[in-house]
Amino acid sequence: MDTQIMYRAQKTGSDKHIKYLIKSYEKIPVRIWDNDVECCNHIAQSIALAIRQRQQDEKNIVLGLATGSTPINLYRELIRMHREEGLSFYNVITFNLDEYYPMQPDAAPSYVRFMHEFLFNHIDIPTDQIHIPNGTIPLEEVGKYCEEYEKKIALHGGIDIQILGIGRTGHIGFNEPGSWLDSKTRLVRLDSLTMRDARKDFLREEHVPFRAITMGIDTIMNARTIYIMAWGQHKAEIVRRAVEGEVSSHIPSTYLQNHPDVRFYVDKAASELLTRVNTPWLVGMCEWTDDLIAKGVIWLSQKIKRPILKLTDEDYNEHGLGELILKYNTAYDLNIRVFNRLQHTITGWPGGKPHADDTTRPERAKPAKKRVIIFSPHPDDDVISMGGTFIRLVDQGHDVHVAYQTSGNIAVHDHDAERHIEFFAEFSEAMGLRSEEMDKLQKKMLKAMKKKAPGEMDNKDVLQIKALIRRGEARAGARYCGLKDDHIHFLDLPFYETGKTRKNPVTSKDINIIKALMEEIKPHQVFAAGDLADPHGTHRVCLDAIFGAFAALKRESWIKECWLWLYRGAWHEWGVEEIQMAVPISPSELLKKRRAIFMHQSQKDRPPFPGEDDREFWVRAEDRNRDTAEAYRALGLAEYEAMEAFRRWEF
Ligand code: F6R
């Protein structure tokens, strides 16, 4: 069971009751894992066991496979088992769920290419045992082709183990909302949300095909065992709806509720909105830690839209929190306790208030002038996520450094790169510095960009130009916040440099770069993007590199005095109950922050990777900071224009 909910079940003998309550919410068996790697290793073990058992019986095994970011670590582990533990795939037949249509198998976003890169090229599966829907079939033949695909699955005895991810529309395979229970392999139209999510693989929205060939719901439901997985907070809402909602074609994954052998495996972030995690008091008796008490009280205040200090005993009793009142005697005591906790998170002194009593402040008063490193995964996360605090730290006289962890080179439009290449050519011409070699290079870069197929990566010269564009913008942003150039560091971590949206895992090279900077500066405070909920993305890898550096430095005396504060990246904010430092931002500071974000011109108006939110980054940042201030106000605390939020990470 996850850490947050420590039932007193053994003591009270009420575990049966609790399980019953969980079941009445969760209609698919769910297991919550600390992280996706642990879970994928577990599934890989089960698959390996099944493969070996069939080998002993001299039989084949049929696997249904998925693509996307979800199963990558599963495939990594299977490859490792093949290499290190002699797991053979000679008796494995695979059927992939889907493929975009139309799609050439060697195109960058193709699922054929994905499967070969992430699995098949590294194991001993015979090629003729691999089946992936063919995106090159002429349209008029697709119907027949799909029937054949179904027949082939049946001919091999049906799917033994099916691996699934879940899309944010609730799709499984590409069975989008509206798919019927009896649907078979067929050509489908993709949902606009799915197309938006696919933008990261095609680099441009207009390149994403609007159709795909997918196995049907019926095909999937016929699999003997199904593992469906989801990682990351962006999946939390759809996980809740798939697991706890009514069965409906609007959310095709809900059909799985009627499968006899299905398991839903999620990481903590993806489980966040399940009733047993989000509001565990509705499911059973809880171990009331300080965090959980704050969560319960804040939840109640937000639910009934009444400030904390006005909550009554009846409010607690009527909303499943009566147990808390039993513990604290009256709502009054409880309200004060949580109110004070929140009050103590607010500070205009993110580096600590010099010469003040710091017993209830988030940061230490000493040393009055701190050495600070702000780590920014991409070149603009510093100002987007903590621009106001950044400016305050500098204004309050701390020795602030900023370190840009990655080059951010894939997120620049070609037209911006083109403009810079041409600018340089014309400038060299005007200054009489033009050379034949330079001319050749410029032409080569412009040609490479024109020739690039959808989703194809840039060559390394173009990536270099793009990195320099972002570097210039980051420098301008940091200077605007008051930093001198020798306090601005570009780390260009190697894990990022794939030229593609999918990045490599963190290695000791990345960790050592961070470690070297920390050793040089010996900071008292480190700020980092704490996107713990982002399992594969750049932010999570950047954070892992920082964790790795802290671990490597743990014996140094200065590191014991170094506090790590996590801000959330561009996409979401800490829940109020999680915040440990809230820095108020005045209207004029907010404007300053906006101007710092404006320095990132390549990300303005229409950034290449806007994610799931169409608002510009500065708008998102302001909305989010205003929302935090509004949440504090609604809970009954002081009213500010905006607030930036942080949580301390304790090792
Ligand atoms: C992929 C597939 C899709 C994905 C889903 C989640 O073959 O059929 O259903 O599993 O879109 O994608 P990721 O894992 O990228 O979040």
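Residues numbered from 1 in each chain as written. Predicted model: local features only at pLDDT ≥ 70, side-chain atom pairs only at ≥ 80, totals over all residues. Heavy atoms only, no water.

1. With respect to the environment of Ile 384
Note on placement: Ile 384 falls in helix α16 (residues 381-395). Distance in space between the C-alpha atoms of Ile 384 and Lys 500 is 23 Å, their sequence separation being 116 residues. (Helix = DSSP H or I, 4+ residues; strand = E, 2+ residues; numbered from the N terminus.)

2. As for the nonpolar core
If you look at the biggest cluster of nonpolar residues, it comprises 78 residues, and the most contacted ones within it are Leu 74, Leu 78, Ile 163, Leu 256 and Phe 264. In terms of residue count, helix α3 (residues 36-56) provides more of this core than any other element does, eight residues in total. For Phe 264, the residues in contact, after removing those within four places along its chain, are Ile 28, Pro 29, Val 30, Arg 31, Ile 166, Ile 228, Met 229, Ala 230, Val 239, Ala 242 and Val 243. If you look at the next biggest cluster of nonpolar residues, it comprises 64 residues, including Trp 288, Ile 308, Ala 403 and Val 526. (Core = buried A, V, L, I, M, F, W, Y, C linked by side-chain atoms within 4.5 Å. Buried < 20%, exposed > 50% of the residue type's maximum accessible area, 1.4 Å probe, protein only. Contact = heavy atoms within 4.5 Å.)

3. Comments concerning the domain arrangement of the protein chain
Domain assignment breaks the protein chain into domain 1 (24-276), domain 2 (279-343) and domain 3 (371-413 + 464-649). Distance from the C-alpha centre of domain 1 to the C-alpha centre of domain 3: 34 Å. Tallying the contact residues gives 23 residues for domain 1 and 16 residues for domain 3. At the junction of domain 1 and domain 3, the tally comes to two salt bridges. Across the salt bridge formed by Glu 117 and Lys 500, the nearest N and O atoms sit 3.7 Å from each other. Summed over the shared surface of domain 1 and domain 3, the number is two residue pairs in polar contact (both at pLDDT 80 or more). If you list the elements that add at least two residues to the side of domain 1 that touches domain 3, you get α4 (72-85), α5 (111-118) and α7 (192-202). (Domains from an automatic or database assignment. Salt bridge = Lys/Arg side-chain N within 4 Å of Asp/Glu carboxyl O. Polar contact = N/O pair within 3.5 Å; in protein donor to acceptor, adjacent residues only side chain to side chain.)

4. A closer look at the pattern of salt bridges
Under the defined criterion, the tally for this structure stands at 43 salt bridges. The partner of Arg 471 in a salt bridge is Asp 492, and the shortest N-O contact between them spans 2.9 Å. In this pair, Arg 471 sits in helix α19 (residues 460-480) while Asp 492 sits in the loop between β13 (488-490) and α20 (508-521), placing the two residues 21 residues apart along the sequence. A relative accessible area of 33% means that Asp 492 is categorised as partly exposed. In this structure, Lys 593 and Glu 644 form a salt bridge, with 2.7 Å as the shortest nitrogen-oxygen distance. Remark: Glu 644 occurs in strand β17 (residues 642-649) and Lys 593 occurs in helix α22 (residues 587-598); sequence separation between them is 51 residues. Judged by its relative accessible area of 0%, Glu 644 is buried. Via salt bridges that share partners, Glu 77, Arg 80, Glu 84 and Glu 85 belong to a single interconnected network.

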